[in-house]
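# Working through the structure, step by step
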Amino acid sequence: MPDLIALPGVIYGPSISFDPIRTRSTSRMLGRRTETMLRGTPYWVATYAASKLTTDEVSLFDAFNMLASDGGVFAGYDPHRPRPIAYAGAPLAGVKAGGGAFNGDAVLQAITNPKTIVVNGLPAGFTLSVGDYVEVRKSPLVRSLHRITAPATANGVGVVTLSIRFALDTQTFAAGNTVHFEKSACIMEMDEGSFSLPKSWPVSNVQFTATELFFS
């Protein structure tokens, strides 16, 4: 298994991208007929960029590049939406409905079907909006990242049913896995040759792209 390395904790942007790839083949045939076939498992791709880096921040990216170029992988997330939009201002906090501190971590209670999951261990009234991210995690290197497709609110005992895109792989993930709403992530590998960090004084800019990897 590869080493899990840390994505440097800087302010990313103003321009980044974090999007899914849904591989498909479309055939346009005689008689105005069209057939589309979806292929393979959807996966995430990202472009990370940060500007006006300090000398200390440049050193973080130097170290990250060395480790990533030697096979290290990282937990990639969307810096523009690191937590549910209703709580955008600060890292998730509060108290779970069943007691105990809440930091964005919860539990997969059940899989109703591959696109519908039940999550518990949330604060009562925890609010989720269309487009929010949710991560299901079996282990540090086995994660599945999804977006929520319908608004949902946790009930009084901290349970919520979520509709998600894309389908969860039920051969890999199961009830009892953890669920994460703070910096929901998938495992990514930096694309070869994409890292750019021109050294300039007094500040520098960095950019690189990355693609999701699957482990099971």
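So, here's what we can say about the structure. Everything numeric here is computed off the predicted structure, so don't read it as measured data. (Residues numbered from 1 in each chain as written. Predicted model: local features only at pLDDT ≥ 70, side-chain atom pairs only at ≥ 80, totals over all residues. Heavy atoms only, no water.)

### Description of unusual backbone geometry
Cis geometry is adopted by the peptide bond preceding proline 14, which originates at glycine 13 and carries an omega value of 10 degrees. Structurally, proline 14 can be placed in the loop between strand 1 (4-5) and strand 2 (17-21). Here the bond from arginine 165 into phenylalanine 166 is cis, since omega is 5 degrees, no more than 30 degrees from zero. The backbone of arginine 32 sits at a positive phi, close to 55 degrees, despite the residue not being glycine. Take arginine 32: it is sitting in the loop between strand 3 (24-29) and strand 4 (33-38). For lysine 52, which is not glycine, the phi dihedral falls at a positive 55 degrees. Note on placement: lysine 52 falls in strand 5 (residues 43-53). (Helix = DSSP H or I, 4+ residues; strand = E, 2+ residues; numbered from the N terminus.)

### Thoughts on the nonpolar core
Counting residues in hydrophobic clusters, the biggest one holds 28 residues, and the most contacted among them are Phe18, Tyr48, Phe61, Phe74, Met188 and Phe208. Among the elements of the structure, strand 5, helix 1 (55-69), strand 15 (186-190) and strand 16 (204-212) are those that each provide at least two residues to this core. With five residues, strand 5 is the largest single contributor of residues to this core. If we ignore the near neighbours within four places in the chain, the residues touching methionine 188 are Phe18, Trp44, Val45, Ala46, Tyr48, Val73, Phe74, Gly76, Ala210, Thr211, Glu212 and Leu213. The next biggest cluster of nonpolar side chains, apart from the first, holds 22 residues, and it includes Leu92, Val142, Ile148 and Ala152. (Core = buried A, V, L, I, M, F, W, Y, C linked by side-chain atoms within 4.5 Å. Buried < 20%, exposed > 50% of the residue type's maximum accessible area, 1.4 Å probe, protein only. Contact = heavy atoms within 4.5 Å.)

### Section: the environment of phenylalanine 61
Looking at where phenylalanine 61 falls in the secondary structure, it is placed in helix 1. With relative accessibility at 0%, the residue phenylalanine 61 sits in the buried group. Look past the residues within four positions of phenylalanine 61 in its chain and what remains in contact with it is Pro8, Val10, Tyr12, Leu53, Phe195, Leu197, Val206 and Phe208.

### Description of the side chain of aspartate 78
Note on placement: aspartate 78 falls in the loop between strand 6 (73-76) and strand 7 (105-113). At 5.0 Å, arginine 147 is the nearest oppositely charged side chain to aspartate 78, a buried residue that forms no salt bridge. Polar contacts involving the side chain of aspartate 78 include one to the main-chain amide nitrogen of histidine 80, which spans 2.9 Å. (Lys, Arg positive; Asp, Glu negative; His and termini not counted. Salt bridge = Lys/Arg side-chain N within 4 Å of Asp/Glu carboxyl O. Polar contact = N/O pair within 3.5 Å; in protein donor to acceptor, adjacent residues only side chain to side chain.)

### Quick look at the environment of threonine 112
Relative to the helices and strands, threonine 112 is located in strand 7. Classification of threonine 112 by relative accessible area gives exposed; the value is 53%. For the pair threonine 112 and leucine 53, spaced 59 residues apart in the sequence, the C-alpha separation amounts to 46 Å.

### Some thoughts on the packing of aromatic side chains
Following the criterion strictly, the structure yields 14 aromatic pairs and no others. Seen from their ring centres, tyrosine 12 and tyrosine 48 are 5.4 Å apart, and the 65 degrees between their planes marks the pair as edge-to-face. Taken together, the residues tyrosine 12 in the loop between strand 1 and strand 2 and tyrosine 48 in strand 5 connect sequence positions 36 residues apart. Accessibility assignment for this pair places tyrosine 12 and tyrosine 48 in one class, buried. Here the aromatic residues Tyr12, Tyr48, Phe61, Phe64, Phe74, Phe195 and Phe208 are joined through ring pairs into a cluster of three or more. (Phe/Tyr/Trp six-rings, centres within 6.5 Å; stacked < 30°, edge-to-face > 60°.)

Nothing here speaks to function; it is all geometry.
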